[in-house]
Amino acid sequence: MATIGRFLAGIGALIWDPVEDKYLLLKRSSQKDFAAGLWECVTGRVDQGEGFEDALYREVHEETGLDIRPFYILGTTHFFRGDSRPEYELVGAVYFCTLVEYDGSNHQVRLTSEHSEYRWVTAEQIFDFLAAEDPTEQWLRS
């Protein structure tokens, strides 16, 4: 009998619009079991057998419909998605990305049930959106 694995790794994508000099933030749906109602960049899991960059492209497209180009890794993460127990442990990589072939039309975000709204904001405005004491917002402020 095959053993079913668990969610071990995740990705994040901070998407920058170089023409407007703004960043995409998404508000998590109030129906989510983790960090409901908080603002974030695109985040998601790395599926078993999937590479980090493959997960990056898949998650960005699934959550926003946007086509992106990763420029570099902003950082790596290690945290617990819940209590500090091994089954909740998660590692990940956060990528800095830009829109592909910006022409104004690919600026339109297509939301899914994962998020209730989105905003393109300047770096200064990010601090107004990420005011929660929750650690899930604190890492993005830095």
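The rules behind these values
- Residues numbered from 1 in each chain as written.
- Predicted model: local features only at pLDDT ≥ 70, side-chain atom pairs only at ≥ 80, totals over all residues.
- Heavy atoms only, no water.
- Helix = DSSP H or I, 4+ residues; strand = E, 2+ residues; numbered from the N terminus.
- Buried < 20%, exposed > 50% of the residue type's maximum accessible area, 1.4 Å probe, protein only.
- Areas by Shrake-Rupley, 256 points an atom, 1.4 Å probe, with all protein chains shown as cover.
- Patch = residues over 30% accessible without salt bridge, like charges linked within 9 Å, V, L, I, M, F, W, Y side chains within 5 Å.
- Salt bridge = Lys/Arg side-chain N within 4 Å of Asp/Glu carboxyl O.
- Phe/Tyr/Trp six-rings, centres within 6.5 Å; stacked < 30°, edge-to-face > 60°.
- Core = buried A, V, L, I, M, F, W, Y, C linked by side-chain atoms within 4.5 Å.
- Contact = heavy atoms within 4.5 Å.
- Expected span 1.5 Å × (residues − 1).
- Arc of directions from axis to C-beta.
- Polar contact = N/O pair within 3.5 Å; in protein donor to acceptor, adjacent residues only side chain to side chain.

(A) Expanded view of the overall build of the protein. Helix and strand counts for the protein stand at three helices and seven strands. Taken from the N to the C terminus, the helices and strands of the protein come in the order β-β-β-β-α-β-β-β-α-α. The 142 residues of the protein split such that 37% are buried. Within the structure as shown, the protein displays about 8200 Å² of accessible surface, and the carbon and sulfur contribution to it stands at 50%.

(B) Representation of a nonpolar patch on the surface. Residues Phe71, Tyr72 and Leu74 make up a contiguous nonpolar surface patch of about 320 Å² in total accessible area. In this structure, phenylalanine 71 sits in strand S5 (residues 68–80). The exposure class of phenylalanine 71 is partly exposed, given its relative accessible area of 49%.

(C) Geometry of the pattern of salt bridges. Evaluated as defined, the whole model comprises seven salt bridges. Across the salt bridge formed by aspartate 47 and arginine 58, the nearest N and O atoms sit 3.6 Å from each other. Of the two residues, aspartate 47 is situated in the loop between strand S4 (42–45) and helix H1 (52–64) and arginine 58 in helix H1; the sequence distance between them amounts to eleven residues. Judged by relative accessible area, aspartate 47 falls into the partly exposed class, the value being 34%.

(D) Highlighting the packing of aromatic side chains. For the coordinates displayed, the defined rule picks out two aromatic pairs. With a centroid separation of 5.1 Å and 20° between ring planes, the pair formed by tyrosine 72 and phenylalanine 96 is classed as stacked. Separated by 24 residues along the polypeptide, tyrosine 72 in strand S5 and phenylalanine 96 in strand S6 (residues 89–99) bring together distant segments of the chain. The class for phenylalanine 96 is buried, based on a relative accessible area of 10%.

(E) Region of interest: the nonpolar core. Within the largest apolar cluster, 19 residues are counted, with the highest numbers of intra-cluster contacts made by Ile15, Leu56, Val60 and Leu66. Of all elements in the fold, only strand S1 (9–17), strand S2 (22–28), H1 and S6 reach the threshold of two or more residues within this core. Residues contacting valine 60, with those up to four places away along its chain left out, are Ala13, Ile15, Val42, Gly65, Leu66 and Ile68. Residues Leu14, Trp39, Ile126 and Leu130 belong to the second largest nonpolar core, which totals nine residues.

(F) Structural detail: H1. Here H1 is 13 residues long and its end C-alpha atoms lie 18 Å apart, about the 18 Å a rise of 1.5 Å per residue gives. Turning to H1, its buried residues are Ala55, Leu56, Glu59, Val60, Glu63 and Thr64. Taken end-on, H1 shows its buried residues confined to a sector of 125°, consistent with a single buried face. Of the surrounding secondary structure, the elements contacted by the buried residues of H1 are S1, S2, S4, S5, S6 and strand S7 (115–121). The first or second residue beyond H1 is glycine 65, which carries a positive phi of 80°.

(G) The side chain of threonine 64, seen in detail. When you line up the elements, threonine 64 lands in helix H1. Within polar-contact distance, the side chain of threonine 64 engages the backbone nitrogen of leucine 66 at 3.1 Å. Other than its neighbours up to four places away in sequence, threonine 64 contacts Leu24, Leu26, Val42, Gln108, Val109 and Arg110.

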